[in-house]
Amino acid sequence: MRSPALLSLRASITLCAIFLTSSCSAIISGFTNSIAEDLSAAVLGSLDFGVVEEGLPAYLLLVDALVEGNPNDAALLNTAAMLNGSYASGFVEDESRRQYFATKGKQLALRASCQHKQAFCDFLDAPFVEFRKRINNTSIRDIEYLYILASNWSGWIQAHSADYVAIAELPKAKYLMEHVIKLDATYARGSPFIYMGVFATFLPAALGGEPEVGRENFERAIEISDGENLYAKSMMAEMYARAIFDRDLHDRLVTEVLESDPEAGDLTLQNVVAQKLALQLKESADDFF
């Protein structure tokens, strides 16, 4: 039996072909965004890392097709950016492929933000003063686009960490994420603070890293999520506890992550990835310390 959604979509397309009304594109766009949003929710809420790992490439091809047919749809581009960035950071081990999908996610996020607001177009190469001015002239209505861009930008920098040109973009990405927090400190259940923690611990203290600032940000992410954001704990173990060689803190955080229930709504898949990382940290702890 065909689903009501499919029948309704087919009926809408038929009506558009007959009447050629200007509202048809909006109707089809609405269905397209619904599919992409439902897909995104299903991925983020999945407990099965293996199923998502195997199925996500096919999902990405589907989203690519939706974007191809709706190249100016800001919301769809934003969803595509999120999925590609998530795939790059959580599922791809090969360096060249990770760089490819991280770059794709960043480019999609830039297109999405540009379609959402003209001031975001071509601002990547703007002088920092101009860049900051445009970012400051945003509101809570822009936060979803700002966050997806900031997170994909950060992932792209991390995937190209050996490239000094990429590292040079870190201050802009950091400022963008700081602005997200300024607009809503509880957005995405504390995840922006994880990025801020990584920014602070990205370099060793001897080269300008700020481990204690990183610790404060990781702890803030844990606090905002009532301890449900397990990725904050895994990253705190890897980026902070290992940086200061605190074995007790490291092992406590890793144990908490592994013993926690990962199911937490849209944090579920991220928590499953966090547990995968925590297991790797546990298995390598004796060699590291």
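Rules and cut-offs
- Within each chain, residues carry numbers counting from 1 in the order of the written sequence.
- Where local features are concerned, this predicted model is filtered to residues with pLDDT of at least 70; where side-chain atom pairs are given and counted, the filter is 80 or more; whole-chain, interface and lining totals use all residues.
- Side-chain measures were taken over the full set of non-hydrogen atoms in the model, leaving aside hydrogen atoms and water.
- A helix here means a DSSP run of H or I that spans at least four residues, while a strand means a run of E at least two residues long, and both kinds are numbered starting from the N terminus.
- Whether two aromatic rings pair depends on their centres lying within 6.5 Å, for rings of Phe, Tyr and Trp, where Trp uses its six-membered ring; planes under 30 degrees apart make the pair stacked, over 60 edge-to-face, and the rest tilted.
- Three exposure classes are used, based on accessible area relative to the maximum for each residue type with a 1.4 Å probe and protein chains only: buried under 20%, partly exposed in between, and exposed over 50%.
- Throughout this description, the term charge over a ring refers to an Arg CZ or Lys NZ atom that lies within 6 Å of the ring centre and within 35 degrees of the ring normal.
- The nonpolar core is taken to be a set of buried Ala, Val, Leu, Ile, Met, Phe, Trp, Tyr and Cys residues, with the residues joined through side-chain atoms within 4.5 Å.
- We call two residues in contact when some of their heavy atoms are within 4.5 Å.
- Two cysteine sulfur atoms form a disulfide, by the criterion used here, when they sit within 2.5 Å.
- Only one rule defines a salt bridge in this text: a Lys or Arg side-chain nitrogen within 4 Å of an Asp or Glu carboxyl oxygen.

Chemist: What is the right way to look at the overall build of the protein chain in this model?
Modeler: The secondary structure content of the protein chain amounts to 14 helices and zero strands. Reading the protein chain from its N terminus to its C terminus gives the helix and strand order α-α-α-α-α-α-α-α-α-α-α-α-α-α.

Chemist: Whenever I open this one, the packing of aromatic side chains confuses me. Can you help?
Modeler: The description of an aromatic ring pair rests on the distance of the ring centres and on the angle between the ring planes. One pass over the full model with this rule turns up twelve aromatic pairs. Geometrically, the ring pair formed by Tyr87 and Phe91 is stacked, given 6.2 Å between the ring centres and 15° between the ring planes. Residue Tyr87 and its partner Phe91 are located together in helix H4 (residues 74–91), separated by four residues, close to a single helical turn. The pair formed by Tyr87 and Phe91 is uniform in burial state, with each residue classed as buried. When the centroid spacing of 5.5 Å and the interplanar angle of 15° are considered together, the rings of Phe245 and Phe288 count as stacked. A residue pair is termed long-range when its members are at least 10 positions apart, and Phe245 in the loop between helix H12 (230–241) and helix H13 (247–259) and Phe288 in helix H14 (residues 268–288) qualify at 43 residues. Ring pairs connect the aromatic residues Phe120, Phe123, Phe128, Phe131, Trp153 and Tyr175, which therefore count as one cluster. Residue placement shows Lys106 over the ring face of Trp156; its charged tip is 3.4 Å from the ring centre.

Chemist: Mind showing me how you'd approach the nonpolar core here?
Modeler: Taken as a class, soluble globular proteins show a tendency for nonpolar side chains to be buried jointly. In this structure, Ile135, Trp153 and Phe218 are the most contacted members of the largest nonpolar core, which totals 72 residues. Here the element with the most residues in this core is helix H7 (residues 143–159); it accounts for eleven residues. In contact with Trp153, not counting residues within four places along its chain, are Lys106, Leu124, Phe131, Glu169, Lys172, Ala173 and Leu176.

Chemist: Got a minute to help me understand the state of the cysteines in this structure?
Modeler: As used here, a disulfide is simply a covalent bond connecting the sulfur atoms of two cysteines. What the rule picks out here adds up to one disulfide. At a sulfur-sulfur separation of 1.8 Å, the disulfide partner of Cys114 is Cys121. Disulfide Cys114-Cys121: the torsion about the S-S bond is 90°, which places it as right-handed.

Chemist: I'm lost on unusual backbone geometry in this one. Help?
Modeler: Trans is the prevailing form of peptide bonds, just as negative phi is the prevailing case for residues other than glycine. A positive phi is found at Asp122, a non-glycine position, where the angle reads about 60°. The residue Asp122 is located in the loop between helix H5 (95–116) and helix H6 (128–136) in this model. According to the relative accessible area criterion, Asp122 is exposed, its value standing at 73%. Phi angles above zero are rare outside glycine, and Ala188 is one such case at about 55°. Here Ala188 shows up in the loop between helix H9 (170–183) and helix H10 (191–201).

Chemist: Could you clarify how one ought to interpret the side chain of Asn152 in this entry?
Modeler: Relative to the elements of secondary structure, Asn152 occurs in helix H7. By relative accessible area, Asn152 is classed as buried at 6%. For Asn152, the residues in contact, after removing those within four places along its chain, are Ala81, Met82, Gly85, Gly105, Lys106 and Ala109.

Chemist: Hey, could you run me through the pattern of salt bridges in this one?
Modeler: Throughout the structure, instances matching the rule amount to 13 salt bridges. Across the salt bridge formed by Asp142 and Lys117, the nearest N and O atoms sit 3.1 Å from each other. Of this pair, Asp142 sits in the loop between H6 and H7 while Lys117 sits in the loop between H5 and H6, placing them 25 residues apart in sequence. The exposure class of Lys117 is partly exposed, given its relative accessible area of 24%. Counted as one network, the salt bridges with shared partners bring together Arg189, Glu228 and Asp266.

Chemist: Just to check I follow, could you spell out the environment of Leu149 for this structure?
Modeler: With respect to the element layout, Leu149 can be found in helix H7. On the basis of relative accessibility, which here comes to 1%, the residue Leu149 falls in the buried class. Expressed as a C-alpha distance, the spacing of Leu149 and Met82, which sit 67 residues apart in the sequence, is 8.7 Å. If sequence neighbours within four positions are ignored, Leu149 has contacts with Lys106, Ala109, Leu110, Ser113, Phe123 and Leu176.

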